[in-house]
Amino acid sequence: MKKYHLATYGCQMNEYDSAMIAQELDMCGCVETNNQEDADIIIVNTCSVREKAEETCGCMAKNRGPELLKRLKNVNYIVGPDQYRKIPELLFGDAQSPLHQTHHKMFIDEDLSENYLGEYAKLQNDVSAFVAIQRGCNKRCSYCIVPYLRGPEKYRDMDDVLTEVKRAADKGITEVMLLGQTVNAYKTPNADFTTLLTKVSEIGGIKRIRFTSPHPRHYTNELIDVLLNNPKVCHYAHIPLQSGSDAILKKMRRQHNMEQYMTVIEQLRSKDPYYAISTDVICGFVGETEEDFEQTIKAFEACQFDTAYMFIYSPRKGTESYKETEILTPEEKLARHTRLVELQNAITLKRNQMMIGRTEEILVETSSTRDATEFVGKTDNFKKVIFKPEEGRIVKPGDYVQVKIDDIRGWTLRGTLV
Ligand code: SF4
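These numbers come from a predicted model, not from an experiment.

Caption draft 1: Representation of the pairing of strand β12 (residues 208–212). Judged by how many residues are buried, β12 sits mostly within the fold: 5 of 5 residues are covered. Because side chains alternate across β12, one face comprises the buried residues R208, R210 and T212, and the other comprises I209 and F211, equally buried. Sheet topology note: the strand β9 (residues 175–179)/β12 ladder contains 5 bridges and is parallel. Across the sheet, residue E175 finds its bridge partner in β12, namely R208.

Caption draft 2: The sheet that holds strand β1 (residues 3–8), seen in detail. Within the open sheet, the 3 strands sit side by side as β2-β1-β3. Their pairing is parallel. Among the strands making up the open sheet, the edge pair consists of β2 (31–32) and β3 (41–45). Pairing between β1 and β3: 5 bridges, direction parallel. When the sheet's bridge partners are listed, T8 is paired in β3 with N45. In the packing of helix α1 (residues 12–27) onto the sheet, the strands contacted are β1, β2 and β3, and the crossing angle to β1 comes to about 170°.

Caption draft 3: Region of the structure containing unusual backbone geometry. Of note, the bond from T212 into S213 is cis; its omega dihedral lies within 30 degrees of zero at -10°. Its identity as a non-glycine residue notwithstanding, Q255 has a phi of 65°, on the positive side. With respect to the secondary-structure elements, Q255 resides in the loop between α9 (246–251) and α10 (258–271). Positive phi, close to 50°, is recorded for Q304, a residue that is not glycine. Mapped onto the elements, Q304 comes out in the loop between α11 (290–303) and β15 (307–312).

Definitions and cut-offs
Residues numbered from 1 in each chain as written. Predicted model: local features only at pLDDT ≥ 70, side-chain atom pairs only at ≥ 80, totals over all residues. Heavy atoms only, no water. Buried < 20%, exposed > 50% of the residue type's maximum accessible area, 1.4 Å probe, protein only. Helix = DSSP H or I, 4+ residues; strand = E, 2+ residues; numbered from the N terminus. Pairing = 2+ DSSP bridges. Contact = heavy atoms within 4.5 Å. Axes fitted to C-alpha atoms, helices over the stretch in contact; angles between N-to-C directions.

Structure below.
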């Protein structure tokens with residue numbers, strides 16, 4: 001019985017792919033270990049989206065495979081994202097098979113048909129399950145490497161998605177997170193994203209449905225209606241903005257403008273002012289003028305994001321914008337970033353303070369690392385809340401409890417069980 005260790009770097013899609021590999025290896029009779037010293041097999045599943053991550057964490061097989069095989073002598077195989085099904089065969093297959101020939105150490109070809117058909121990921125915890133519904137991306141944002149590495153969009157068959165959700169529900173999981181690079185672009189011959197959300201909500205045992213990341217362009221009126229009126233679909237979305245300037249959005253090839261973006265935000269918040277929205281933004285994109293940046297400041301003031309991931313632009317080799325000449329110095333980019341972070345910090349605090357006094361249903365995730373008598377969970381709108389049950393009251397991960405939010409420390413809400 002071989003022990004394997006999976007080290008995963010990157011976003012939820014990478015975590016999901018690792019869970020898929022774990023399931024394959026478990027089916028071969030292997031056992032997962034958290035301790036790499038103890039492992040017979042170590043699999044490093046890495047990300048290439050940010051150049052910094054690629055430098056520090058290793059690589060993305062597809063992006064730098066040949067170079068890595070030469071450099072890292074103790075690496076046996078380099079396997080690209082579409083080739084994960086080969087891993088058991090590489091590890092345990094017939095030594096005479098072509099896969100085992102010494103010159104075959106790299107399997108990085110794109111497979112346009114790979115859409116997880118018939119595969120189900122290993123559950124990662126007892127509370128919540130990731131379920132991928134899409135691979136790749138059809139957009140071509142000028143700064144982004146993802147479409148070159150993950151290829152065009154491939155949608156997972158709806159029945160496969162529903163089977164995976166049902167398997168999780170049968171094991172007591174009540175929250176599911178649907179994953180895709182532009183998740184709301186999901187489309188198969190018999191379903192779109194709205195249909196899929198509705199079908200997932202009909203699965204017994206599922207109480208909360210989340211998804212990430214939607215693209216502003218793919219919010220239809222039908223989708224907004226389900227998002228606001230299906231009680232199982234949570235009132236939180238991470239909607240990447242990237243810039244508040246239409247000129248920069250165009251340069252980025254984002255396929256949306258500020259008016260479309262604001263319409264989505266206003267629709268979501270018109271019915272529920274507590275609808276939580278987070279975003280990604282790039283400060284100092286190539287060609288960003290002072291006026292463009294002011295538009296981003298205005299957009300942040302108008303959108304009142306609950307949180308934001310704010311990045312300083314750095315050219316990514318292999319992308320279209322890499323070729324363009326930068327006009328801003330690193331200091332100028334940093335100054336813009338600092339200003340935006342300060343603005344957003346104040347907005348985040350205000351949005352969190354709005355929650356004080358409300359009684360919310362919390363899905364308990366874990367006990368607190370600082371104090372084992374305290375628990376951490378999330379509201380429907382994805383706010384982290386810490387609470388301490390009174391003595392004798394048993395609370396465990398996976399429970400739903402009612403908590404009155406009565407305090408905020410730093411960014412974190414605190415409450416009392418009711
Ligand atoms: S939508 Fe744009 S930023 Fe997002 S993965 Fe696709 S190309 Fe990259």
